[in-house]
Amino acid sequence: MSSKAGGAKKRKDESGKIVADNRKARHNYFIKDTYEAGIMLTGTEVKSLRTGAASLGESYAQIKNGEVYLINAHIPEYLQANRFNHAPRRPRKLLLHAREIAKLSDAVNKQGMTVVPLRLYFNDRGIAKVELGVAQGKKMADKRQTEKDRSWQRDKARLLREKG
């Protein structure tokens, strides 16, 4: 009886587990639209992601020949795999519908936007997903204004809590 409860608890903990979050993307870009994409991984990459070690810091998505690839995302080697390991920064194919790829391609080519990964996570079924954002770069003044607005919201919340 206790083994079933433990299994159910483990499944619940894994659902929606965020592996990597690209917080810098929201600082450097205006995010216009988001898409959820599947990602093609090898077995050792999935095992490494389940340990929670990955980085999207300098990664981006690139559209080549009607397919989308995640470039420069770091998924460290799985230590127990020895010779069957993967290259940590290899390009990984992203799985999107043809309409979504067309929209991404149109945004990148016509409007001068970029496609950046926002977070890497496991969905409720335990499948690895990437949240992509269609983004436009911020200028320094925009970054300062965003920081000023964020600071004001924090101060306002603090004042309301104290009076309230």
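Details of the structure are given in the entry above.
Residues numbered from 1 in each chain as written. Predicted model: local features only at pLDDT ≥ 70, side-chain atom pairs only at ≥ 80, totals over all residues. Heavy atoms only, no water.

(A) Representation of the packing of aromatic side chains in the model. For the structure shown, the criterion picks out zero aromatic pairs. The lysine or arginine in question, lysine 64, covers the ring of tyrosine 69, its NZ or CZ lying 5.5 Å from the ring centre. A cation over an aromatic ring shows up here: arginine 119 above the ring of tyrosine 121, its NZ or CZ 4.4 Å from the ring centre. (Phe/Tyr/Trp six-rings, centres within 6.5 Å; stacked < 30°, edge-to-face > 60°. Lys NZ or Arg CZ within 6 Å of the ring centre and 35° of its normal.)

(B) Molecular detail of helix α4 (residues 98-111). With 14 residues, α4 extends 19 Å between its outermost C-alpha atoms, agreeing within 8% with the 20 Å of an ideal straight helix rising 1.5 Å per residue. Of all the residues in α4, the buried ones are Ile101, Leu104 and Ala107. Down the axis of α4, the smallest arc covering the buried residues is 125 degrees, so these residues share one side. For α4, the exposed residues set more than 90 degrees away from the buried face come down to Ala98, Arg99, Lys103, Asn109 and Lys110. Buried residues in α4 make contact with β2 (29-39), β3 (60-64), β4 (67-71), β6 (114-122) and β7 (128-137). One or two positions beyond α4, positive phi appears at glycine 112, with a value near 70 degrees. (Helix = DSSP H or I, 4+ residues; strand = E, 2+ residues; numbered from the N terminus. Expected span 1.5 Å × (residues − 1). Buried < 20%, exposed > 50% of the residue type's maximum accessible area, 1.4 Å probe, protein only. Arc of directions from axis to C-beta. Contact = heavy atoms within 4.5 Å.)

(C) Region of the structure containing the environment of asparagine 28. Position of asparagine 28 among the secondary structure elements: in helix α2 (residues 23-28). Its relative accessible area of 25% is what places asparagine 28 among the partly exposed residues. When the C-alpha atoms of asparagine 28 and glutamine 145 are compared, they prove to be 12 Å apart, with 117 residues separating the residues in sequence. Not counting residues within four places of it along the chain, the set of residues in contact with asparagine 28 comprises Gln136, Gly137, Lys138 and Lys143. Of note is the side chain of asparagine 28, whose polar atom sits 3.3 Å from the side chain of lysine 143. (Polar contact = N/O pair within 3.5 Å; in protein donor to acceptor, adjacent residues only side chain to side chain.)

(D) Focus on the environment of threonine 44. Mapped onto the elements of the fold, threonine 44 is located in helix α3 (residues 43-50). Residue threonine 44 is classed as buried on the basis of its relative accessible area, which comes to 12%. For the pair threonine 44 and asparagine 85, spaced 41 residues apart in sequence, the C-alpha separation works out to 6.1 Å. Look past the residues within four positions of threonine 44 in its chain and what remains in contact with it is Tyr78, Ala81, Phe84, Asn85 and His86.

(E) Main features of the pattern of salt bridges. This model, assessed by the stated rule, comprises seven salt bridges. One salt bridge connects glutamate 45 with arginine 92, and the closest N-O pair in it is separated by 2.9 Å. In this pair, glutamate 45 is assigned in helix α3 and arginine 92 in strand β5 (residues 92-95), connecting sequence segments 47 residues apart. Residue classification places arginine 92 among the buried residues on the basis of a relative accessible area of 0%. In this structure, arginine 150 and glutamate 147 form a salt bridge, with 3.5 Å as the shortest nitrogen-oxygen distance. With a gap of three residues between them, arginine 150 and glutamate 147 both fall in helix α5 (residues 140-163), about one helical turn apart. Among the residues examined, arginine 150 registers a relative accessible area of 39% and is labelled partly exposed. Three or more residues joined by partner-sharing salt bridges are found here, namely Glu45, Arg90 and Arg92. (Salt bridge = Lys/Arg side-chain N within 4 Å of Asp/Glu carboxyl O.)

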